[in-house]
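Read off the chains here:
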Amino acid sequence: MNTRRQSVTGWLLLLPAAVLLAAFTHYPALATFWHSFFTTPRANRTARFVGLENYELLLEDPVFWTALTNNAWYALGTILPSMALAIVMALWVNRQMVGRGWVRLAYFTPTVLPMIAVANIWLFFYTPDYGLLDQVRSLWGGAPHNWLGSNETALGAVVAVAVWKEAGFFMIFYLAALQQQSPELREAAALEGCNRWQFFWRVTFPLLMPTTLFVLVNAVINAFRLIDHIFILTRGGPDNASSLLLFYIYEVGFKFWDVSYAAALTVVLLLVLAVVALFQFGVLERRTHYQ
């Protein structure tokens, strides 16, 4: 009887979270999948079932493939650099140094700034001729460059903003993990004659793998949910050179009001994230050492 009562109590405690999860996550995902098989309803025309037609249009849509390719490059350009920079910053501020608290604050400050504010700050940096980058380039005789208006540099400029903002956030998790490691490990490694690089690669980094997996999951999610500073900096231009998948979904759904096609695009985005999640938890977690 006590076991049954405990079971009922546990399920009742889980019920509010389960209801919210079903209402705001599971139901919208299933509804999006269902609506992707219909046409977009209009004022004088109800939605009609078209099967896989939206997905066939998607395969023939050059803007979709451009946005997907851009998103792949954006993910490669933000995930690894931001994580590597976060580890370096965490190792640096974990040492005994003068003004360590101020350095930590400086590294973490970009994280607490709203993305809209960050985008506007970097919009000033990227302004042709008058921006900070062109002012620095002019000291060495460099010509002004339209960083956000050039096909070659627009996506890279967006990547730089994301890395600058996310690295400090990931640093906090790595710093917390480093502070949990026993100082006796360094002493034992020193007795064995390990240098700093050997100690990091063979001791510190393997012990950081649980944190790395957690940070990687967040970095992947961030790489596919970007829309706000794209909207401020480039609006996907020029010629869709910086358009990412979620931004394209936003344009299709809210600018062109083709919600059914936007639903099909969303399903593809969810499938991409599902494949990445299977790789993360099916392959990487098996190689992760938990203390």
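Worth saying up front: this structure is predicted, and the values here are computed from it rather than measured.

### A look at helix H10 (residues 209-224)
Look at H10: 23 Å from first C-alpha to last across 16 residues, which is about the 22 Å you get at 1.5 Å a residue. With 12 of 16 residues buried, H10 lies mostly within the body of the structure. Listed in full, the buried residues belonging to H10 are Met209, Thr211, Thr212, Leu213, Val215, Leu216, Val217, Ala219, Val220, Asn222, Ala223 and Phe224.

### Things to note about the packing of helix H5 (residues 115-125) against helix H7 (residues 154-180)
Interaxial distance between H5 and H7 falls to 11 Å at its minimum, and their mutual angle equals 130°. Between H5 and H7, the interaxial angle falls into the category oblique. Here H5 and H7 pass one another in a crossing that is right-handed. On the side of H5, the interface is formed by Met115, Val118 and Trp122, while H7 contributes Val161, Trp164 and Lys165.

### Considering the nonpolar core
Grouped together as the largest cluster of nonpolar side chains are 60 residues, with contacts concentrated most on Phe64, Tyr74, Ile79, Tyr174 and Leu265. Breaking this core down by element, the ones donating at least two residues are helix H2 (53-59), helix H3 (62-93), H5, H7, H10, helix H11 (228-233), helix H12 (245-255) and helix H13 (259-284). Looking at this core element by element, the count peaks at 14 residues for H7. If we skip the residues at most four places from it in the chain, Leu265 touches Leu58, Phe64, Tyr248, Ile249 and Val252.

### Quick look at the side chain of Ser82
In this structure, Ser82 sits in helix H3. Separated by 2.4 Å, the side chain of Ser82 and the backbone oxygen of Thr78 make a polar contact. With residues up to four places along the chain from it excluded, the contact list for Ser82 reads Val163, Glu166, Ala167 and Phe170.

### Let's talk about the packing of aromatic side chains
Each pair of aromatic rings is reported with the distance of its centres and the angle of its planes. In total, this model carries 21 aromatic pairs according to the counting rule given. Pairing Trp201 with Phe205 gives two aromatic rings, centres 5.6 Å apart and planes at 5°, and the pair type is stacked. Residue Trp201 and its partner Phe205 are located together in helix H9 (residues 196-207), separated by four residues, close to a single helical turn. According to the relative accessible area criterion, Trp201 is partly exposed, its value standing at 46%. With a centroid separation of 6.1 Å and 40° between ring planes, the pair formed by Phe247 and Tyr250 is classed as tilted. Pair noted here: Phe247 and Tyr250 are both in helix H12, with a separation of three residues, about one helical turn. Residue class for Phe247 comes out buried when judged on its relative accessible area of 2%.

### What to know about unusual backbone geometry
Here the residue pair Gly237 and Pro238 is connected by a cis peptide bond, since its omega of -5° sits within 30 degrees of zero. By the element assignment, Pro238 lies in the loop between H11 and H12. For Arg235, which is not a glycine, the phi torsion comes out positive at approximately 55°. Of note, Arg235 is situated in the loop between H11 and H12. In the Ramachandran plot, Asn240 falls in the positive-phi region, its phi being about 65° despite a non-glycine side chain. Within the element layout of this structure, Asn240 appears in the loop between H11 and H12. Owing to a relative accessible area of 24%, Asn240 belongs among the partly exposed residues under this scheme.

Each value, and the rule that gives it
- Sequence order as written defines the numbering, with residues in each chain counted from 1.
- Given that the model is predicted, a residue must reach a pLDDT of at least 70 before its local features are reported, and side-chain atom pairs must reach 80 or more before they are shown or counted; all residues, however, enter totals for whole chains, interfaces and linings.
- Here the side-chain values reflect all heavy atoms present in the structure, with hydrogen atoms and water set aside.
- For the purposes of this entry, the term helix denotes a DSSP run of H or I that reaches at least four residues, the term strand denotes a run of E that reaches at least two, and both are numbered from the N terminus.
- Each residue after the first adds 1.5 Å to the expected span of a helix.
- Exposure classes here rest on a 1.4 Å probe applied to the protein chains alone. A residue is buried below 20% of its type maximum, exposed above 50%, and partly exposed in between.
- Angular values range over 0 to 180 degrees, each being the angle between N-to-C directions of two axes fitted as lines to C-alpha atoms, with helices fitted over their stretch in contact.
- An angle counts as roughly parallel when it lies under 35 degrees, as roughly antiparallel when it exceeds 145, as roughly perpendicular when it falls between 65 and 115, and as oblique in every other case.
- Crossings are sorted by hand: turned counterclockwise from the far helix by less than a right angle, the near helix makes the crossing left-handed, and turned clockwise it makes it right-handed.
- Contact between two residues is taken to exist if any of their heavy atoms lie within 4.5 Å; hydrogens are not considered.
- Joining through side-chain atoms within 4.5 Å is the link that ties buried Ala, Val, Leu, Ile, Met, Phe, Trp, Tyr and Cys residues into a set, and such a set is a nonpolar core.
- Counted as a polar contact is a pair of N or O atoms within 3.5 Å, where, for protein atoms, one must be capable of donating a hydrogen and the other of accepting one, and residues adjacent in sequence contribute only when both atoms are in side chains.
- Between the rings of Phe, Tyr and Trp (Trp by its six-membered ring), a pair exists once the centres lie within 6.5 Å; its type follows the angle of the planes, with under 30 degrees stacked, over 60 edge-to-face, and the other angles tilted.

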